[in-house]
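Coordinate analysis (summary)
Okay, here's what each chain looks like letter by letter:
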Amino acid sequence: MNTLLPTSLVGSLPKPSWLAEPETLWSPWKLDGDQLAEGKQDALRVVAAEQVRRGIDVISDGEQTRQHFVTTFIEHLDGVDFAQRETVRIRDRYDASVPSVVGAVSRPKPVFVDDARFLRQQTDQPVKWALPGPMTMIDTLYDRHYGSREKLAWEFAGILNQEAKELEAAGVDIIQFDEPAFNVFFDDVRDWGVAALERAAEGLRAETVVHICYGYGIKANNDWKATLGSEWRQYEESFPLLQRSSIDTISLESQHSHVPMDLIEILRGKKVMLGAIDVASQTVETPEEVADTLRRALTFVDADKLVASTNCGMAPLPRDVALGKLSALSAGARIVREEIAGAQS
């Protein structure tokens, strides 16, 4: 798209209260069967219309058809047993009960393609769809079969590539891979993580994005961030590798974080999707606060390569707060867009 400083969500939006429990991360569905299928499509209609109404340029699904950004994809794969559960440490932050890999993993049929095709029908604007990245997938499972994080990640990369190509064929313009694990397992990122990510994106004509954040605004993540000191420099590990990678756009957290803005300079030449909305706070940013974040970023990234976004997903927030943040995001981007146009005239 040709819009300067386009706006886009990173991940989730709150689901309607008739579909899932409000302000609850990974809430069970309130419907089932045909009613659930219909309810998911209704929710896709709603979030697409709200994004357009709030001035968002790139339309996402807001994860309305999935409970979890990783496990909903894994549920559709062979080789994973959700009855055999083990407690594992997720991204070295908190313990969770996860399913087990018990055999060779494979994708018997498309997972999100029908949902993406339906979303494509709701708008003429560019559409983005998010998939979990290979490293984050293996961090959300217990492996009883492969005995190697790297080997399992490569298997998932191939499966993700199959899904991504079918999403592209269904009309998706931008495919985002969520890799919060890149902020934790630095040796793996260097040794095989970026290569596995490139395998997931191999051969795509659609624009590709990797999103690396510090997580939802939940207690486990907030407690971890409180230990990181006055400067969060984790991106220094992955950004040089990603700058040399085949991935088109790098998505990072910024608003109200301790990430030094000058780290963006490492990505010079890539598109940058900058988090200008804090998802860990229920305070709605003012348009000027958003604009100020974007202005500071423009020292380190060219305007035609900057995308304004949220830090992460907003599923746990009250619905009116999340929608207010969308309006602030688009209004802030519009301020800077007009400033740039004025300076060029």
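Further up the page is the structure itself.
Now for a look at the structure at hand. Since this is a predicted model, take the numbers as computed values, not measurements. One numbering rule holds for all chains: residues counted from 1, following each sequence as written. Selection of residues for local features in this predicted model requires a pLDDT of at least 70, selection of side-chain atom pairs for listing and counting requires 80 or more, and totals for whole chains, interfaces and linings are taken over all residues. Side-chain numbers come from the whole structure's heavy atoms, not from hydrogens or water.

Notes on the overall build of the protein chain
Heads up, the condition is: Per the convention used, a helix needs a DSSP run of H or I reaching at least four residues, while a strand needs a run of E reaching at least two, with both numbered from the N terminus. In this treatment the radius of gyration is a C-alpha quantity, and the globule benchmark scales as 2.2 Å times the residue count to the 0.38 power. When a residue's accessible area, from a 1.4 Å probe over protein chains only, is under 20% of the maximum for its type it is buried; when over 50% it is exposed; and in between it is partly exposed. In this description, contact between two residues means that some pair of their heavy atoms is separated by no more than 4.5 Å. Here the Shrake-Rupley method, with its probe set to 1.4 Å, supplies the accessible areas, and only the displayed protein chains count as covering residues.
Of regular secondary structure, the protein chain possesses 10 helices and 10 strands. In terms of overall dimensions, the protein chain is globule-like: its C-alpha atoms have a radius of gyration of 19 Å, near the 20 Å expected for 345 residues. For the protein chain, the spread of C-alpha atoms along the three principal axes comes to 60 × 45 × 40 Å. Of all 345 residues assigned to the protein chain, the portion counted as buried reaches 58%. Taking the intrachain contacts of the protein chain between residues at least 6 apart in sequence as the baseline, contacts between residues at least 24 apart amount to 75%. Summed over its atoms, the accessible surface of the protein chain is roughly 13700 Å², and 45% of this surface lies on carbon and sulfur atoms.

Quick word on the sheet that holds strand β9 (residues 271-275)
The condition is simple: Pairing between two strands is assigned when DSSP locates at least 2 bridges connecting them.
One open sheet accounts for seven strands, arranged β1-β10-β9-β8-β7-β6-β4; its pairing is parallel. Where the open sheet ends on each side, the last strands, each with one partner, are β1 (7-8) and β4 (128-132). Pairing analysis gives five bridges linking β4 to strand β6 (residues 174-178), with the strands arranged parallel. Among the inter-strand pairings, Ala 130 is bridged to a residue of β6, identified as Gln 176.

Considering the pairing of β9
Rules: Handedness of a crossover: with both strands directed away from the viewer, a clockwise path from the first strand across the helix to the second marks it as right-handed.
Counted residue by residue, β9 has four buried out of five residues, so it is predominantly covered. By the bridge criterion, four bridges tie strand β8 (residues 249-252) to β9 in an arrangement that is parallel. Bridged to Leu 252 within β9 is Leu 274. Pairing of β9 with strand β10 (residues 306-309) involves four bridges; the strand directions are parallel. Residue pairing across strands places Gly 275 opposite Ser 309, the latter belonging to β10. One crossover worth recording links β9 to the parallel β10 by way of helix α9 (residues 287-297), and it is right-handed.

Concerning the environment of Thr 3
With respect to the helices and strands, the residue Thr 3 is situated in the segment before β1. For the pair formed by Thr 3 and Lys 165, sequence separation is 162 residues and the distance between their alpha carbons is 25 Å.

Examining the packing of helix α5 (residues 149-169) against helix α6 (residues 186-200)
Quick reminder of the rule: A fitted line through C-alpha atoms represents every axis, and for helices the fit uses only the stretch in contact; the resulting angles, taken between N-to-C directions, go from 0 to 180 degrees. An angle below 35 degrees is treated as roughly parallel, one above 145 as roughly antiparallel, one from 65 to 115 as roughly perpendicular, and anything else as oblique. Less than a right angle of anticlockwise turn of the near helix away from the far helix marks a crossing as left-handed, whereas a clockwise turn marks it as right-handed. In this classification, Asp, Glu, Lys and Arg are treated as charged, Ala, Val, Leu, Ile, Met, Phe, Trp, Tyr, Cys and Pro as nonpolar, and every other residue, Gly included, as polar.
As a packed pair, α5 and α6 sit with axes 7 Å apart at the nearest point and diverge in direction by 20 degrees. The pairing of α5 with α6 is recorded here as roughly parallel in orientation. Classified by chirality, the crossing of α6 by α5 is right-handed. Residues Arg 149, Glu 150, Ala 153, Trp 154, Ala 157, Gly 158, Leu 160, Asn 161 and Ala 164 of α5 lie in contact with α6, whose contacting residues are Asp 188, Trp 192, Ala 195, Ala 196, Arg 199 and Ala 200. Taken together, the residues of the contact of α5 with α6 sort by class into nine nonpolar, two polar and four charged.

Interpretation in functional terms is not warranted from these geometric data alone.
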